[in-house]
Amino acid sequence: MSDRFKLRVFTTASVRAGIATITLTFVVMGLSFALFGPALAAWAYLPGTSGFNVAISLLLTFATTVAVPYRIILNPLYKESRPDSRYARRWIEAATIQSLQIIFALVVAGPLQILFLGRDDDPFGITSWLRNKSRALDSHNLKVRPPIYTVDGKGREITIPLRDGVETAATLYSPNQTSDDDRKNKADDSPRPVVLIRTPYNRASLARYGFRFAERGYHLVTQDTRGRFGSTGEFFPMLNEARDGAATIEWIEKQPWCNGSVGMMGPSYLGLCALAAMREEVPALKAVAPIMAATDLYAVMFGREAGAAHVELIFRWSHLVMHLMSKPFGMLEAMFTFFHGTGTALRKAYRHSPLNEADTLYLVPNSEPLEWFRDGFAHPLGTEPFWDDKRHFVQFENMTSIPPVLLFCGWYDFFSAESCMYDWKAMRKLNEDCRMVIGPYTHWHVQAMQPKLWRTLLDFFDRHLLGDAAARELPSVDAFAMGHDMGWMQMADWPPPYTKEQKFGMIRGKDGDPNKLIDHNNSAIETFVESEISYVYDPSDPTPQVGGATFNPSCCGRLSQNAIESRNDVLVFSSEPLESPMLIAGEIKVHLEVVSNVEGTDYVARACQVTSDGESVNLADGIIRRFNLRPGRRTMVDITLSPVLNRLGVGDHLRLQICSSAYPKYGRHLNTRGSFHLEIEANAVVSEQILIVGGDSGCCITVPVLPA
């Protein structure tokens, strides 16, 4: 059976299963909310958080359930990686289990919990029994060790004071005391390791973390960060997280239910909180597991060497975080806008200039300016004193020790692309017991990463907090190789020290032929006459970003580039079909020799894999923003692309795109020399960019390749 036929079988089965699953889920969702929606809506705004817990848990469970078949159908990474009907059956099984969980939660567990609202007892033991059966199913789905304890569904509300008197709201999840009667279970306050998760997004959404850890012998604390939801004080992103995290750990260590060992974890901003707490070097912090997080905020917001604002990330995150606390419909508005399109406000914000005005005009209209939002745009270079204590909020070179760390990253996550792997290198100098997992994930592959994530997390914390010698020892680097013959590879270091550099020169195609990448190992680039090739960049029609490490759930990851490559403002260079496989491992470096007619613009480079059927998919990209060009004169421009581990097969092509925009991931350069993030639309100009190719000093790329 051919791979193409297998792929067709897989795709057809996935589409049918996905459509059936989504249809069934929406029908059940509609019926359930028709019956119980008013009660949930009223309950969510009652005093306390128990009702809010259930309402948000149901909403998030529904959202992630739909995401499973949606991603199976539409994400080409899954199609390419699993072109076989037996894998289709596994995905169908996973989607079915998720659907059963949501149906169970909405039709059975939700109404029963509503029925017992305000009561501390469960007179028939029904909800406890159903909840524990659901968790057993959850463990089977994740393929992790089964629960050994039962857990109270609500958790216990506690207040944690910080050093300056601010009181933060938290929830404590604990295993239940062993009992033959589920109805008489009580939380076990005996000393145990504690896992701490700090969040600005409402701790109510983290109940599942509490259940999964507590039922395996941990206490887990979820905490609203300063100024968010149940906590007092004023919220300023990352300003207080190191001190507040350390104060929380010190408070937890003193509690009778803590055995002196505390671990921290969490995805995205929650992972930033975990990293920040390391800075204070609190002895009780024994293990840290950030997920999709890194310490160099400037690199994430403006690129490692770019100065180009990651506008989509900054604007989307600001809109989300400011609307989550709005009542009565702010949370629903923020979530709908975020997951189901950019929304009118965000579309207008992306196009507005100057960018620093977008907060009060579109993101949080009729409010005071966001100080942290405007400060970033006022200091875009990363060299200003403003960034001295912010660029790296954890400076490992100034620390004496760190606990064991597990970094869980994704090839298409913006944290990983800009900073995560640099953190790992710095951490290893202080503690060799630092591990890194890099999967084929974006920031939004929540469901896709769950089995790998939870198996890795539990092995890591069991080893370092529970002291379980039987827990699997993780490899130094566990990386997923994408492309042909995909799979996990274990390594001692990243990038692998035994890579070899393979250089490709860029030449112009003759008589309408495509532009070429010429392998220096097979051809002498000097034999090709130096020539020029140009494109025009118009800020009013910026080249779009499709896929990659974006903050847009509907346009991220490994996506087709064919439509983008047909634009007149994109130059494309392709290698000859490969005669043997090529495993790229590391950062591709692009060297350009350019002539511009303006004093400032952006240069974007993107490496792609082109399969034998002509499909082009993105592997890695990079951007550099220039504002000191000398019109009409040659200038050297070097761009380092994001890290990649990808195998190209026989007959594939390596392709490079060159353009001057990646919109709306990065804000448009208006082709001026002014303060580029504060420039106005009226000053925008159209630019022509000329690349010098061929000859002995023309444009080229250097590719790190693992020998066969």
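What counts, and at which threshold
Residues numbered from 1 in each chain as written. Predicted model: local features only at pLDDT ≥ 70, side-chain atom pairs only at ≥ 80, totals over all residues. Heavy atoms only, no water. Helix = DSSP H or I, 4+ residues; strand = E, 2+ residues; numbered from the N terminus. Buried < 20%, exposed > 50% of the residue type's maximum accessible area, 1.4 Å probe, protein only. Contact = heavy atoms within 4.5 Å. Areas by Shrake-Rupley, 256 points an atom, 1.4 Å probe, with all protein chains shown as cover. Polar contact = N/O pair within 3.5 Å; in protein donor to acceptor, adjacent residues only side chain to side chain. Pairing = 2+ DSSP bridges. Salt bridge = Lys/Arg side-chain N within 4 Å of Asp/Glu carboxyl O. Phe/Tyr/Trp six-rings, centres within 6.5 Å; stacked < 30°, edge-to-face > 60°.

Each helix and strand in the protein was counted, giving 17 helices and 23 strands. Sorting the 708 residues of the protein into buried and exposed places 59% on the buried side. A fraction of 76% describes how many contacts in the protein between residues 6 or more apart in sequence connect residues 24 or more apart. When the accessible surface of the protein is split by element, carbon and sulfur atoms take 55% of a total near 28500 Å².

Moving on to the side chain of H219. Its place among the elements puts H219 in strand β4 (residues 219-224). There is a polar contact of 3.2 Å between the side chain of H219 and the backbone oxygen of W257. When neighbours within four sequence positions are excluded, H219 is seen to be in contact with L172, Y173, S174, P175, D188, D189, S190, R192, P193, V194, V195 and W257.

When you line up the elements, F393 lands in the loop between α14 (371-378) and β7 (405-412). We classify F393 as buried; its relative accessible area is 4%. When the C-alpha positions of F393 and M238 are compared, they lie 8.1 Å apart, and in sequence the two are 155 residues distant.

Glancing now at unusual backbone geometry. At the junction of S353 and P354, the peptide bond is cis and its omega measures out at 0° in the coordinates. Position of P354 relative to the elements: it lies in the loop between α12 (343-351) and α13 (358-363). Residue P664 follows Y663 across a cis peptide bond; omega there is 5°. Assignment of secondary structure puts P664 in the loop between β21 (653-659) and β22 (687-693). A positive phi angle, close to 50°, is found at D485, a residue other than glycine. Within the fold, D485 resides in the loop between β9 (477-483) and β10 (487-491). Using a relative accessible area of 66% as the deciding quantity, one classes D485 as exposed.

Two elements, β9 and β10, share 5 bridges in a ladder whose sense is antiparallel. From the neighbouring strand, A481 faces β10, where its bridge partner is G487. Hairpin connection between β9 and β10: a loop of 3 residues separates the two successive antiparallel strands, and D485 in this loop has a positive phi of roughly 50°.

Our next topic: the pattern of salt bridges. Under the definition given, this model contains 30 salt bridges. With a shortest N-O distance of 2.5 Å, D224 and R203 are connected by a salt bridge. Here the residue D224 occupies a position in strand β4, and R203 occupies one in the loop between β3 (192-199) and α6 (207-214), the gap between them amounting to 21 residues. When its relative accessible area of 0% is taken as the criterion, D224 is described as buried. The partner of K425 in a salt bridge is D493, with the nearest N and O atoms 3.3 Å apart. Taken as a pair, K425 in helix α15 (residues 414-430) and D493 in the loop between β10 and β11 (500-507) lie far apart in primary sequence, 68 residues in all. Taken together, the shared-partner salt bridges connect D433, R435, R463 and E473 into one network.

Applying the stated criterion across every chain, the model contains 26 aromatic pairs. A centroid spacing of 5.8 Å and a plane angle of 90° characterise the contact between Y173 and F211, whose relative ring orientation is edge-to-face. Note that Y173 is positioned in strand β2 (residues 167-173) and F211 in helix α6, a separation of 38 residues in sequence. Under the relative-accessibility criterion, Y173 is labelled buried at 1%. Summarising the aromatic geometry, the rings of W411 and W494 are spaced 5.4 Å apart at their centres and angled 55° between planes, so their arrangement reads as tilted. Highlighted residues: W411 in strand β7 and W494 in the loop between β10 and β11, separated in sequence by 83 residues.

Turning to the side chain of N646, a few remarks are in order. With respect to the helices and strands, N646 occurs in strand β20 (residues 644-648). Taking the relative accessible area as the measure of exposure, N646 reaches 0% and is therefore buried. Among the polar contacts made by the side chain of N646, one reaches the side chain of R558 at a distance of 3.1 Å. Beyond its immediate chain neighbours, meaning those up to four positions away, N646 contacts M482, G483, R558, M582, L583, I584, Q609 and L619.

Any functional reading would require information that these geometric values do not contain.
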